[in-house]
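Structural overview
Residues per chain, in single letters:
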Amino acid sequence: MSEQNTHFIFDPMAAKYDRCNHIFSFGVDGRWRKRLIRAVAPYPHQCVLDMCTGTGDVVFSFLKHSPVQDITGIDISESMINLAQEKQIRFSRRVWMRNKKVSWTLADAARTALVSGSFDAVTCAFGIRNIPDRTATLNEIYRLLKPKGKLGILEFSLPANPLFRIPYKFYLNRLMPLLGQWVVGDKEPLRYLAQSIGHWHTEVDFSTELARAGFKLIRKTPLSGGVAALWLAVKR
Ligand SMILES: C[S@@+](CC[C@H](N)C(=O)[O-])C[C@H]1O[C@@H](n2cnc3c(N)ncnc32)[C@H](O)[C@@H]1O
């Protein structure tokens, strides 16, 4: 799978994406997104941007679990953005959707047309690993944040403890592609997921990349025994 076309993986499986997330993470993904939102902790008047928003789960989680009233979701996949908009219509009568401003933008996270310094917080859940031009994306996020604005990144990882890492890698590399065939009708997206998590965990020094983009107060917190990790960083 070439790095240039990873987002095309998400178009064909967009409709099944949410189901996959919940099944393969045993329903823990919602808890991880809540951790992300609590960590970023926006105030009611603040503007939030969610990069690689997919079907908008982080956006809706912010609206449900934080006082934020103005949020934008960006994704490069039109199918994902369409599904996010359909969800917004479905949720429109919920109490937590009242008086909220939600915008969706079809764009590459590495080069958006949004105004510099317009967001108090930027989040990205399970997206940064898939982006080929991560340096440009981190520079873009830095540009879009206000001074002292917060960045919260959620990403898959591998457990540090070998007693957990070995069975987890078996699940990731062997069982998940088989389950993928059953749930999505194709092993390839889940094979790609396993490969990309392995590469991300062993090859990428993400804290250094964040520091190089200009961020300070960089903190990494392992979640669920290291299956996922939450990075927090602040614009200088
Ligand atoms: C694994 S999904 C994560 C969706 C969502 N954040 C969540 O928590 O479920 C990754 C998303 O990143 C998007 N994506 C990939 N490359 C991108 C890019 N360069 N710019 C913006 N979005 C991108 C994909 O289209 C996909 O919707």
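Read on for an overview of the structure. Quick caveat, the model's predicted, so the values are computed rather than measured.

1. Some points on the overall build of the protein
A tally of helices and strands in the protein yields eight helices and seven strands. The C-alpha atoms of the protein give 17 Å as radius of gyration, which agrees with the globular expectation for 236 residues (18 Å, within 12%). Summarising its shape, the C-alpha atoms of the protein cover approximately 45 × 40 × 30 Å along the three principal directions. Residues counted as buried form 52% of the 236 residues belonging to the protein. Of all intrachain contacts in the protein linking residues separated by at least 6 positions in sequence, the fraction that spans at least 24 positions is 73%.

2. Brief notes about the site of the ligand
Taken together, 20 residues are adjacent to the ligand, and Tyr-17, Cys-52, Asp-75, Ala-109 and Ala-125 come closest. Separating a nitrogen atom of the ligand from a backbone N or O atom of Ala-125 is a distance of 2.8 Å. If the ligand stood free it would expose 600 Å²; the protein chains cover 97% of that surface. Its residues assigned to classes, the shell around the ligand shows eleven nonpolar, six polar and three charged.

3. Thoughts on helix H4 (residues 78–91)
With 14 residues, H4 extends 20 Å between its outermost C-alpha atoms, agreeing within 8% with the 20 Å of an ideal straight helix rising 1.5 Å per residue. Among the residues making up H4, those that are buried are Met-80, Ile-81, Ala-84, Lys-87 and Phe-91. Each buried residue of H4 lies within a common arc of 115 degrees when the element is viewed along its axis, so the set occupies one face. What points out from H4, more than 90 degrees from its buried face, is the exposed set Glu-78, Ile-89 and Arg-90. Contacts from the buried residues of H4 go to helix H1 (17–24), helix H3 (57–65), strand E2 (70–75) and strand E3 (101–106).

4. Here's the deal with unusual backbone geometry
In this structure, Cys-52 takes a positive phi of about 50 degrees despite not being glycine. Within the fold, Cys-52 resides in the loop between strand E1 (47–51) and H3. Located in the positive-phi region is Phe-126, a residue other than glycine, with phi close to 55 degrees. Considering the arrangement of structural elements, one finds Phe-126 in the loop between strand E4 (119–125) and helix H5 (134–144).

5. So, the pairing of strand E7 (residues 228–235)
Counting buried positions over the eight residues of E7 gives eight, a clear majority of the element. Neither face of E7 is exposed, since Ala-228, Leu-230, Leu-232 and Val-234 on one face and Ala-229, Trp-231, Ala-233 and Lys-235 on the opposite face are all buried. Pairing of strand E5 (residues 145–156) with E7, which is carried by seven bridges, proceeds in the antiparallel orientation. Residue pairing across strands places Ile-153 opposite Trp-231, the latter belonging to E7. Of the pairings in the sheet, the one linking strand E6 (residues 215–223) to E7 comprises seven bridges and is antiparallel in character. Of the residues in E7, the one forming a bridge with Lys-216 is Val-234. Once E6 ends, the chain turns through four residues before running back antiparallel as E7, passing Ser-224 with a positive phi of about 50 degrees.

Parameters at a glance
Residues numbered from 1 in each chain as written. Predicted model: local features only at pLDDT ≥ 70, side-chain atom pairs only at ≥ 80, totals over all residues. Heavy atoms only, no water. Helix = DSSP H or I, 4+ residues; strand = E, 2+ residues; numbered from the N terminus. Rg over C-alpha atoms; globule rule 2.2 N^0.38 Å. Buried < 20%, exposed > 50% of the residue type's maximum accessible area, 1.4 Å probe, protein only. Contact = heavy atoms within 4.5 Å. Near = heavy atom within 4 Å. Polar contact = N/O pair within 3.5 Å; in protein donor to acceptor, adjacent residues only side chain to side chain. Areas by Shrake-Rupley, 256 points an atom, 1.4 Å probe, with all protein chains shown as cover. Nonpolar A, V, L, I, M, F, W, Y, C, P; charged D, E, K, R; others polar. Expected span 1.5 Å × (residues − 1). Arc of directions from axis to C-beta. Pairing = 2+ DSSP bridges.

On their own, these measurements won't tell you what the molecule is for.
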